[in-house]
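Fold and geometry: a report
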Amino acid sequence: MSAQTVAAVPPRLTPRQQLWRRAWRHKGLVFGATVLAVIVLLAVFAPLVAPHDPYRQNLLARMVPPVFLGGTWDHPLGTDALGRDYLSRLLYGARISLMIGFVTAMISAVIGSVLGILGGYFGGKVDAVVTFLISVRLAMPVVLVALAVVALLGGSLIVMMTVLGLLLWDRFAVVLRTATRQVRSMEYVAAAEVLGASLPRILFKDILPNVMSQLIVIATLEMAHAILLEASLSFLGLGVRPPTPSWGLMISEGKEMLLFQPWLIAIPGVALFLVVISINMFGDGVRDITAPEGRN
Amino acid sequence: MTEVRPVLSIRDLSVALPQGGDRPFAVESLNLDVMPNEIVCIVGESGSGKSITSFTTMGLLPRTLRATSGQIMFGGRNLLEMPEREHARLRGSEMAMIFQEPMTALNPCYTVGDQIEEIFAAHTSIPRAERRTRTLALLREVKLADADRIHQSYPHQLSGGQRQRIVIAMALALGPRLLIADEPTTALDVTTQAQILNMFKELRRARDAGIMFVTHDFGVVAEIADKVVVMQKGRVVEQGPAAEILNRPQHPYTRLLIDAVPRRRPEAQAPREERPVALRVSGVGKTFNVARTLFKPARQVAALKPVEFALQSGETLGIVGESGSGKTTLVRCLIRLIDPDSGEVWIGNTDFAAEPRGRLRSHRKDIQIVFQDPYGSLNPRRRIGDQLVEGPVNFGESRESALKRARELMRIVRMDEDSLDRYPVQFSGGQRQRICIARALMVQPKILIADEAVSALDVSVQKEVLTLLADIKRQFGLSMLFITHDLRVAAQICDNIIVMSNGEIVERGTVDEVFGDPKHAYTQQLLNAMPGRAWKIPDNVVSNQ
């Protein structure tokens, strides 16, 4: 009896405190969260941090190399082919990338999880419809459809986010449908039903919290996916329109100078890599620490 | 006469747990001998170290665990000092193990014949034709009728009992001198269990091998053990000949365990006066349609043929049956988790089965359920308190008054009040089951269904929960439906019993009628299959010093 109580309560912490402790011990999570936080702060405060106006051209200072390649501190990351300050463009470009990633993931998360949860919970005909929609969606090549729509409607930021949001929900739906089916068969869902819980209550209190960790992981994956897709579309010239600073566009504009000024591509490329990997590490970490199996 | 040497002799064995566990050793200073031609039962509750002992002997310990001292002598050699590869060579040929779960112990991609022959191929150089003859002989030895057909079958085409026989046949293939069986019958129905246990008894005679049999069930012990080793928290608290331990246990923990074995109450149930009926079930049936697949035509499965019974108020009615008997379908129909095809379920003046889905909710509070799996029946993401007040809040009660009752109920189920602020993972199986009982009582039901509610619990915890259920039934004037596959448990807690088989009620009556004078062949078979029925469980072992 005493052994049991000792085992159950090593230092008494509230679940929230325990969550924080576990978060701090998770190296990947701390790393991802730190890098992501720095990037988000820089993007939010870009107007204050950026040394120059990202749109101002200076044809007298074209393709100045960055500091570490023999440039000056006036342009720490150098300038591009039109003499625009590269650091400033990078900072403003982060806003575009993060916004596209976040908004797209949100739109597709809502569509995908509604479909997935409904299909998984009700099964039968509802599920047949959901499965059909997923198949239809999977049969569409994302890049081609996005290209076509952007070509038709023009490449504004809003169009990009909406199109990608409407295209990237398939993974949410597939994963959440399976996860919901599993949770649906648990006895606590039956117990809630027997205790007279209404359908929305079961969905929001019993189903959603228990598929949340999968949802978070997919959301981070899709966020990274969307950022990369935007970059590819902009690279192909069908995404965000110049002169808006976007990382994909920057890579695209730098590609002619690849041999002689490789940093024009390397810098936005590294930025893209850092954002994507930090988002993924953050997502994995959040999943690890919120999994109830590990909660003590 | 030469002295008989033990097959296996464990001396002073300790296995360390990783730092930060609730105790330093999984197994501590264990001494144990297994003689040829002997069945040694290791008994204990979960966490007692009984499985760790068998894993250590087989050299299958998980990497985080390590034997720190002692020796395991087998065939004159110490297994703990033996190189990994030699130990691996012994496994399967000299010593073999049988696991609990027959469903996962076989590879679904190969026929069972191939899987058995594989053992011969791996360990010996017997020619192909003889491998087959030997395999067929083995299948016949484990009493599988139609060995030729079984030889060609895939695991999924066989029943759980047949699969367990095949696992045993595989273990016996090379004539091991030591057989370790870890809860080999726990996942099986009682009639199948009886057959498998019988087989073990015959094997001991026929094979002259030592058998180490790990179990938690004293009925099984009484059925087959020659020697019993009782373990608690990694230590052997008592060991000796089976008759001695079962009938004259010395150690307080053994006494506690034996005292907790459910049994028929000694006092004969006086015939009760007629009381109002709390629940009347008539003609409730359910047929499932199995959709057509590529290989099989569509078919109908009558999971529950129309049944009829009444539950009087204040009564505990047991529904006993093996898997596939329709008891789960019946329960799900009663609480309308699924809709019955036909029939009426009268609770008071409402026909619960006919109520449309929309209006059903308001009647749900009258009939509540406690499920089997203590780990699956609480939402891991919500605090206990939130889950308890859920019910009353759904029925329009204020959160405050519901919380007040939740605190009171926690006291009644003997839990701390501050448990309400915690999450389910912080509780053991028995504690969770108490919480589930409290949750069901929150809406003040008239009828409580306990669906295998104690089957997943250790025997001592099982006893506490059974006592709690009986107390609560009295205190709240509940009527209870007690669903179980365990005849002893049913005999202990129920007033009347219904026996189900293949979706039908085959027998009903008071506990004394059903157990004392079973009418239906199936009931007789069930009672005969009960392990350790010859053992008269000693009474009052705890109080008699």
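Here, every reference points to the structure presented above.
The notes below deal with the structure included here.

Calculation notes
Residues numbered from 1 in each chain as written. Chains lettered and ligands numbered in written order. Predicted model: local features only at pLDDT ≥ 70, side-chain atom pairs only at ≥ 80, totals over all residues. Heavy atoms only, no water. Helix = DSSP H or I, 4+ residues; strand = E, 2+ residues; numbered from the N terminus. Expected span 1.5 Å × (residues − 1). Buried < 20%, exposed > 50% of the residue type's maximum accessible area, 1.4 Å probe, protein only. Contact = heavy atoms within 4.5 Å. Salt bridge = Lys/Arg side-chain N within 4 Å of Asp/Glu carboxyl O. Polar contact = N/O pair within 3.5 Å; in protein donor to acceptor, adjacent residues only side chain to side chain. 1 Å grid on protein atoms, 1.4 Å probe; cavity = no way out; pocket = protein on both sides within 12 Å on 5 of 7 lines; lining within 4 Å. Points joined across faces, edges and corners; volume = space filled by probe spheres on them. Nonpolar A, V, L, I, M, F, W, Y, C, P; charged D, E, K, R; others polar. Pairing = 2+ DSSP bridges. Axes fitted to C-alpha atoms, helices over the stretch in contact; angles between N-to-C directions.

Observations regarding helix α3 (residues 112-123) of chain B
All names here are of chain B. The first and last C-alpha atoms of α3 sit 17 Å apart over 12 residues, in line with the 16 Å expected at 1.5 Å per residue. Turning to α3, its buried residues number three or more, namely V112, G113, Q115, I116, E117, I119 and F120. Structurally, α3 contributes buried residues whose contacts are with α4 (128-141), α5 (147-152) and α6 (160-172).

Overview of the interface of chain B and chain A
When the parts of a complex come together, some accessible area is lost, and that lost area is often used as the size of the interface. Residue-level contacts link 34 residues of chain B with 27 residues of chain A. Our count for the contact surface shared by chain B and chain A stands at 1 salt bridge. With a shortest N-O distance of 2.7 Å, E390 of chain B and R201 of chain A are connected by a salt bridge. Put simply, chain B and chain A have 13 residue pairs in polar contact (both at pLDDT 80 or more) between them. Of all the secondary structure elements, the ones that give two or more residues to the side of chain B that touches chain A are β16 (367-370) and α13 (384-394) of chain B.

As for the pattern of salt bridges
Under the counting rule described, the total for this entry stands at 35 salt bridges over all chains. A salt bridge links R77 of chain B to E86 of chain B, with the nearest nitrogen and oxygen atoms 2.7 Å apart. When its relative accessible area of 28% is taken as the criterion, E86 of chain B is described as partly exposed. Connected through salt bridges with shared partners, the residues D127, R177 and R181 of chain A form a single ionic network.

Comments concerning empty space enclosed by the protein
Under the definition given, this model contains 5 cavities of 30 Å³ or more. Approximately 70 Å³ is the volume found for the largest cavity. Contributing to the lining of the largest cavity are Y188, A191, A192, L195 and D206 of chain A together with N379, R382, Q387, E390 and R439 of chain B. Elements supplying a minimum of two residues to the lining of the largest cavity: α10 (187-194) of chain A together with α13 of chain B. Among the elements that make up the lining of the largest cavity, the one with the highest residue count is α10 of chain A (3 residues). For the lining of the largest cavity, the residue count by class is 4 nonpolar, 2 polar and 4 charged.

Description of the sheet that holds strand β19 (residues 496-501) of chain B
By way of backbone hydrogen bonds, the strands of a sheet pair with one another, either parallel or antiparallel. Residues and elements named next belong to chain B. Strand order across the open sheet formed by 6 strands is β16-β17-β18-β13-β19-β20, with mixed pairing between neighbours. A single partner strand is all that each edge strand has here, and the edge strands are β16 and β20 (504-510). Across the sheet, the mean angle separating the axes of adjacent strands is 20° when strand polarity is ignored. Summarising the sheet, β16 and strand β17 (residues 447-451) pair through 4 bridges and their orientation is parallel. Residue pairing in the sheet places I367 in a bridge with I447 of β17.

The analysis is restricted to geometry; functional conclusions fall outside its scope.
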